[in-house]
Amino acid sequence: LFDGIYPFYPQQRKVPVFDVSTIIVIVVFLSFACSFLFIIPGIRGRARLYWTLRVLLSLLVGAVIVAVQFTGDWETGWVTANTSYKSFSHALVNADIGLHVGLAGVNITLRGNPVHQVNETIDYNEHFDWSFDADYDHSYSEGLERGLPNPILYVAEKFTTQSPCNVHRQYRISGHYASATLWVAFCTWLISNMLFSMPVLVYGGYMLLVTGAFVIFSLLSFSTVRNSPMCLIQFGSASLHIAYGGSFWLTLATGFLCFVAGVAVVTLHYFNLDLLKTFFDLREDKAEECQEMTEVYVNTHFVNKGL
């Protein structure tokens with residue numbers, strides 16, 4: 001104790017939405033996109049536009065499927081309130097309290113208004129992991145030992161296994177199955193790209209539909225957390241309410257994009273196969289196969305000699 005107050009030890013920070021894993025995924029897919037842009041001048045005619053649309057849309061789908069597994073904004077919520085700052089102190093601070101829920105854990109943000117209050121800098125980002133290889137209660141206990149601010153500990157306590165809210169198990173299992181389903185969607189996305197590189201376009205369309213289905217299944221898995229009523233997170237007269245965040249809606253849009261693309265490929269296969277082959281640059285040049293000489297020059301000397 002220092003003058004009857006628990007000391008605040010330096011802790012490892014974690015950005016609530018983008019972390020190192022998400023940045024690595026984005027950089028990898030951007031590298032693929034830039035590599036393709038270097039070779040695209042070698043493609044002639046309208047095929048250049050078709051190749052650009054196909055490759056960029058495919059990379060976008062793959063990047064989203066992988067990146068959203070590491071983001072922390074599947075559910076988000078903010079509230080501004082006057083609240084106690086730390087234990088054994090009656091000092092109140094005005095701060096923004098943010099809650100960001102991901103597939104693998106929860107991130108709690110505390111930012112003062114202004115940042116400098118009570119002779120301290122109030123700017124915290126704390127991550128509590130609940131994946132199957134992590135112990136959420138242990139992380140919460142470490143936060144207690146470090147003397148984290150009361151608002152962070154109050155919100156984090158709602159997700160412990162001993163909390164009366166009883167939402168820890170639901171969030172943990174839902175996030176685990178949503179992540180597993182997204183990895184399956186990533187595998188089917190890879191298979192669809194392989195099939196599109198072969199003259200079996202309709203099967204690539206079917207795999208796109210399967211990819212969209214697994215993406216939607218991951219959203220349904222995560223949405224089951226709404227079956228468990230969330231405890232009220234109250235700061236004085238203000239309440240912190242959470243709603244679906246950017247990663248959830250981005251994943252939903254990606255799933256619909258896979259469905260639209262898959263339906264378009266299958267429909268064109270049965271109703272306009274030539275247009276589909278043209279878009280995928282697989283149309284055979286019939287002019288070369290059935291090439292006819294429009295003008296023929298005959299040497300009359302050899303004709304008369306033959307006759």
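Residues numbered from 1 in each chain as written. Predicted model: local features only at pLDDT ≥ 70, side-chain atom pairs only at ≥ 80, totals over all residues. Heavy atoms only, no water.

- Looking at an unreviewed UniProt entry, one finds the protein chain named DOXA2 factor and attributed to Thinocorus orbignyianus.
- The Sequence similarities (unreviewed entry) field of the UniProt record for the protein chain holds the comment "Belongs to the DUOXA family."
- Taken verbatim from the UniProt record of the protein chain, the Subcellular location (unreviewed entry) comment is "Membrane". (UniProt positions renumbered as here; feature names shortened; annotations may be inferred.)

### Examining the pattern of salt bridges
- Counting across every chain of the model gives three salt bridges.
- Close ionic contact of Arg111 with Asp123 constitutes a salt bridge, the shortest N to O distance being 4.0 Å. One end of the pair, Arg111, is in strand E3 (residues 105-117); the other, Asp123, is in strand E4 (residues 120-129), and twelve residues separate them in sequence.
- In this structure, Glu126 engages Arg146 in a salt bridge whose closest nitrogen and oxygen atoms are separated by 2.7 Å. Of the two residues, Glu126 is situated in strand E4 and Arg146 in helix H3 (residues 136-146); the sequence distance between them amounts to 20 residues.
- With a relative accessible area of 3%, Glu126 lands in the buried category. (Salt bridge = Lys/Arg side-chain N within 4 Å of Asp/Glu carboxyl O. Helix = DSSP H or I, 4+ residues; strand = E, 2+ residues; numbered from the N terminus. Buried < 20%, exposed > 50% of the residue type's maximum accessible area, 1.4 Å probe, protein only.)

### Structural notes on the pairing of strand E2 (residues 92-101)
- Of all the ten residues making up E2, eight are buried; the element is thus mostly covered by neighbouring parts of the structure.
- Bridge count between strand E1 (residues 75-84) and E2: ten bridges; the pairing is antiparallel. Paired with Val79 across the strands is Ile97, a residue of E2.
- Summarising the sheet, E2 and E3 pair through seven bridges and their orientation is antiparallel. By the bridge assignment for E3, Asp96 is matched with Arg111.
- Hairpin connection from E2 to E3: three residues lie between these consecutive antiparallel strands. (Pairing = 2+ DSSP bridges.)

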